[in-house]
Amino acid sequence: MSPTPLRRRLARLLPHRRRHWIELVVALLLSPAILLGVAAALTPLPEGLRGRDEGASVSTVFLDRHGAVLLETRAGDGTRARRLRLADAGDRAIRAVIAAEDKRFAYHPGVDPLAVLRAMGGLVVERRVVSGGSTISQQLARTLVPRPRTVLGKLREMALAIRIEASLSKDRILEEYLNRVAFGPGLRGIEAASRFYFDKPTRDLSLAEAAALAGLPRGPSLYDPRRGTERLQRRRDRVLDRMREAGSASEDAVRAAKAEPIALAPRGGGLGIPHLRRALATGAIDASTGPLAGRAASITTTIDRGLQREIEILALSTVERLAARNVTAASVVVLDNATSEILAYVGSPDIENAARLGHNDGALAKRQPGSSLKPFVYGLAMERLGLTAASALPDVDLHFPTPEGDYHPRNYDGRFHGLVRARDALASSYNVPAVVLAARTGPEAILGRLHDLGFASLDRPARHYGLGLALGDGEVRLVELAAAYATIARGGLYLPPRAVRAAIDPDGKPLPSLAPAPRRVLDPRIAFVLTDILSDDRARLATFGGDSALELPFPVAAKTGTSKGFRDNVAVGFSAGATVAVWVGNFDGSPMNGVSGVTGAGPLFHDAMLAAARAVPTKGDFERPEGLVEVEVCALSGGRPTSACPHRRVEIVPRDASLASCDVHVRARVDRRNGLLAGPACPDASVEERVFERFDPSLVSWARGAGRPLLPADSSPFCPSTEPASPAARLRIAYPPDGARFVHDPAIAAQEGIRVRIDAPDRATSVRLVVDGRSFDLRPPFERTLPLVPGTHVLRAEAQGATSDEVTFSVE
């Protein structure tokens, strides 16, 4: 091969030996570059630049409904990180970063020879590092593949930088740098730093702010403005000078930027929906989006940040107020009635309080709701049994046979109230009437209705819950309870609760969302009647008294519930605009000390509803649908009043409702001399007409005990009545039911027994109970306890010449 022209020229100009040394020097100078080139060719491109990796994962930012930041979760590597496209970075930030880190970025192949020589010269002269020689590509390489701080490590970094430059465009390299390099302690990428320090996107940074952030990668901890801004301000000003020298910022712009103080954005307080964040990540709430963990970089929630913070404070204050009564936890859910969007969500007052098990989410925990399920039992009875708000129901001592044994409901106040209208029974939360309706509709139908209302937590067969389902014996979630009450508020249309308005994936694309359509569950007339009852302060006076926590300065339909053993309190209700559901109790299931729904959850409900009204202004009264009319009814029986009814009131009922005439109040002629029924032979001077009451046999015992004006059983001996005796059909054995089966336990045989109860005509003064042929004479209230004797037994009752149907029961 012939010598190259350059070598021929050198051969003519230089002696042979001198030429040999020059060629050797040139070879030595070129060999590092050749070696780096070979090393670069053999170095694989990092996985992070060929696909996604853990280091490329981003934070998930949770925003409130108005775009304010609620919470930012860290990426997989524990940093705050947000993905930024170069096109969205803004010109100021790009110019600042290049000026600060690599002014010849556009021209070098990954390693800047001039910068390397300058760094080496400074090291030789000053015997310390005076300036760094790393390019943007080298810093990116060092971030992707950490190296030891040795000469060999530096050479490997340079080789990787050259490999990156050979594989990616300059724009892609700069974009990866902006997204992967640390711009502060725990902050990966310039966008995360811009949001954290200045609460704005990178594209909106001022020149001074862009220069400040551009200076951070040199020493993320050293220049951290949270530790003071003096060092960062000096570093920022140097970056600004470099921008002026490079011609990327004018003299006037630099002067103005240097005069601008470093003003950091204040960090928000509060807990920032930690429980809701977890529920959205796992898909435990809002099925329209599914689990969002690893799928979303930005989630715009339905939360109202101001209301959320206020509810958090109220929940914490409630727990502190009730701490002496062994209350350690509270949860609140607030829904917008129109959309079923969650406006506030407090799983516990403090998720960091391990002693109080604050990590538990009371909005999703299964707890007994107590009486708060009663409205749905009444609604079902209105639909299937023709019940109206005026219908009369028995609130007396009743026993209900079940496959598991005798069910004997009691009222919260320990008393029975006799004949009560459905309005008063529901508003005052009497237990017995609710169980009566449950027995008439059946637990299967009730469970089906609750499933229609979104109570997926009730996942056992109806037999498991039995009639106690009407009193809240099943366990439900607070968010389900809120959605069910919001269904009443919407006139019977069910919508599952929603917590997400929009979600964006790490690439900036919106995630799909399937919003379910409203589903009709309740007739709008029934929904309004329930609303009218639950907002009737007068109807609940008997139980809650005046000026209770459920009374507010605007119309609110509300209900409380207390579980067995005072383990759970709930208060739930709605205005025309919002629904509020509150739970108070202990996550470990321990009982509270004498705290009921109205004293525990009630005050928190009251304050939360006031706060919700400020976020969702009420529209005034509840909207009344067509098809309802106001009718006058007897205040006691709920029937159409007769001339004998002394008290009346107006009630709202469906236009097609069938109301029977009152059969409780009757007029009768009595002998003034003894108050007994007057026969035709009584002289007019000794007779007067009075209004009496006549009840079903199941209510007679209560009526006597309450001193009700019962129709006299006997006629006056001075002038006997010819009115026929009460029909035999009104004499019956109320308990046990025919065909009942009981199990005999020898271990407690001395304590076991069956309490036989007889419903007799209101005129009966004595009843004969016949048990297997043996007779017992009974006086009011016509009850007797029989010992449990194995075998089959037959009961019969006799009174006033009438005989009841026989009842057979067995003891095993």
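Another point: the overall build of the protein chain. For the protein chain, the count of helices and strands is 24 helices and 30 strands. Split into buried and exposed, the 812 residues of the protein chain put 52% on the buried side. Considering only residue pairs separated by 6 or more positions, the protein chain has 67% of its internal contacts joining residues 24 or more positions apart. Put simply, the protein chain shows about 37200 Å² of open surface, and 53% of that area lies on carbon and sulfur atoms.

What follows concerns the state of the cysteines. For the structure on display, the rule yields 1 disulfide. A disulfide bridge connects Cys-682 with Cys-719, and the sulfur atoms are separated by 1.2 Å. A torsion of 50° about the S-S bond marks the disulfide between Cys-682 and Cys-719 as right-handed. Here Cys-682, found in the loop between β20 (665-671) and β21 (687-693), pairs with Cys-719, found in the loop between α24 (697-705) and β22 (732-735); they are 37 residues apart in sequence, far enough to count as distant. Like Cys-719, Cys-682 is buried. The thiol sulfur of Cys-634 is not disulfide-bonded, and the nearest other cysteine sulfur, from Cys-645, lies at 3.6 Å. For Cys-634, a relative accessible area of 0% corresponds to the buried category. Of the cysteine sulfurs around Cys-645, a residue in no disulfide, the closest is that of Cys-662, at 3.6 Å. A residue is classified by how much of its surface remains accessible, and Cys-645, at 5% relative accessible area, is buried.

So, about the sheet that holds strand β7 (residues 342-346). On the basis of which strands lie adjacent, the open sheet formed by 5 strands has the order β7-β6-β17-β16-β15 and antiparallel pairing. Strands with a single pairing partner mark the edges of an open sheet, and in this sheet they are β7 and β15 (557-562). When strand polarity is set aside, the average angle formed by the axes of neighbouring strands in this sheet is 10°. For strand β16 (residues 568-574) and strand β17 (residues 578-585), the ladder comprises 7 bridges, and the chain directions are antiparallel. Considered in β17, the bridge of Val-570 is made with Trp-583.

Two elements in contact, helix α4 (residues 91-101) and helix α8 (residues 170-180), have axes separated by 12 Å at closest approach and are oriented at 90°. Relative to α8, α4 is oriented roughly perpendicular. Of the residues in α8, those touching α4 at Ile-94, Val-97, Ile-98 and Glu-101 are Leu-174, Tyr-177 and Leu-178. Residue classes in the contact of α4 with α8 are distributed as 6 nonpolar, no polar and 1 charged.

The 3 strands are arranged β22-β24-β27 in an open sheet whose pairing can be described as antiparallel. The open sheet is flanked by β22 and β27 (783-786), the only strands paired with a single partner. In this sheet, neighbouring strand axes are inclined to one another by 35° on average, regardless of whether the strands run parallel or antiparallel. Across 3 bridges, β22 lies against strand β24 (residues 754-759) in antiparallel orientation.

Once that is clear, we can look at a nonpolar patch on the surface. A surface patch of nonpolar side chains, about 290 Å² in accessible area, is lined by Val-151, Leu-152 and Leu-155. For Leu-152, the location among the structural elements is in helix α7 (residues 151-167). For Leu-152, a relative accessible area of 49% corresponds to the partly exposed category.

Turning our eyes to something else, we now look at the packing of aromatic side chains. Each aromatic ring pair is specified by the distance between its two centres and by the angle formed by the two planes. Taken as a whole and judged by the stated rule, the model has 7 aromatic pairs. Three or more aromatic residues joined by ring pairs make a cluster, and in this case those are Phe-376, Phe-455 and Tyr-485. For Lys-170, the ring lying beneath its charged end belongs to Phe-105, and the centroid distance is 4.5 Å.

Here we come to the pattern of salt bridges. Tallied over the entire structure, the rule returns 47 salt bridges. Put simply, Arg-85 and Asp-88 hold a salt bridge, and the shortest N to O gap is 3.1 Å. Ionic contacts of the salt-bridge type, sharing partners, join the residues Arg-421, Arg-423, Asp-424, Asp-532, Asp-536 and Glu-651 into one network.

Not every positive phi belongs to a glycine, and Asn-326 is a case in point at roughly 60°. With respect to the helices and strands, the residue Asn-326 is situated in the loop between α14 (305-321) and β6 (329-336).

With respect to the helices and strands, Leu-550 occurs in the loop between α22 (541-544) and β15. Overall, the relative accessible area of 2% leaves Leu-550 in the buried class. Along the sequence, Leu-550 and Ala-571 sit 21 residues apart, while their C-alpha atoms lie 8.8 Å from each other. Dropping the residues within four chain positions of it, Leu-550 is found in contact with Asp-537, Arg-540, Phe-544, Ala-558, Thr-560 and Phe-605.

As a further point, take helix α10 (residues 207-214). Counting buried residues in α10 gives 8 out of 8 residues, a clear majority hidden from the surface. Here α10 has its buried residues at Leu-207, Ala-208, Glu-209, Ala-210, Ala-211, Ala-212, Leu-213 and Ala-214. Elements in contact with the buried residues of α10: α4, α9 (190-198), α11 (230-245) and α12 (251-259).

The rules behind each value
Residues numbered from 1 in each chain as written. Predicted model: local features only at pLDDT ≥ 70, side-chain atom pairs only at ≥ 80, totals over all residues. Heavy atoms only, no water. Helix = DSSP H or I, 4+ residues; strand = E, 2+ residues; numbered from the N terminus. Buried < 20%, exposed > 50% of the residue type's maximum accessible area, 1.4 Å probe, protein only. Contact = heavy atoms within 4.5 Å. Areas by Shrake-Rupley, 256 points an atom, 1.4 Å probe, with all protein chains shown as cover. Disulfide = S-S within 2.5 Å. Pairing = 2+ DSSP bridges. Axes fitted to C-alpha atoms, helices over the stretch in contact; angles between N-to-C directions. Parallel < 35°, antiparallel > 145°, perpendicular 65-115°, else oblique. Nonpolar A, V, L, I, M, F, W, Y, C, P; charged D, E, K, R; others polar. Patch = residues over 30% accessible without salt bridge, like charges linked within 9 Å, V, L, I, M, F, W, Y side chains within 5 Å. Salt bridge = Lys/Arg side-chain N within 4 Å of Asp/Glu carboxyl O. Phe/Tyr/Trp six-rings, centres within 6.5 Å; stacked < 30°, edge-to-face > 60°. Lys NZ or Arg CZ within 6 Å of the ring centre and 35° of its normal.

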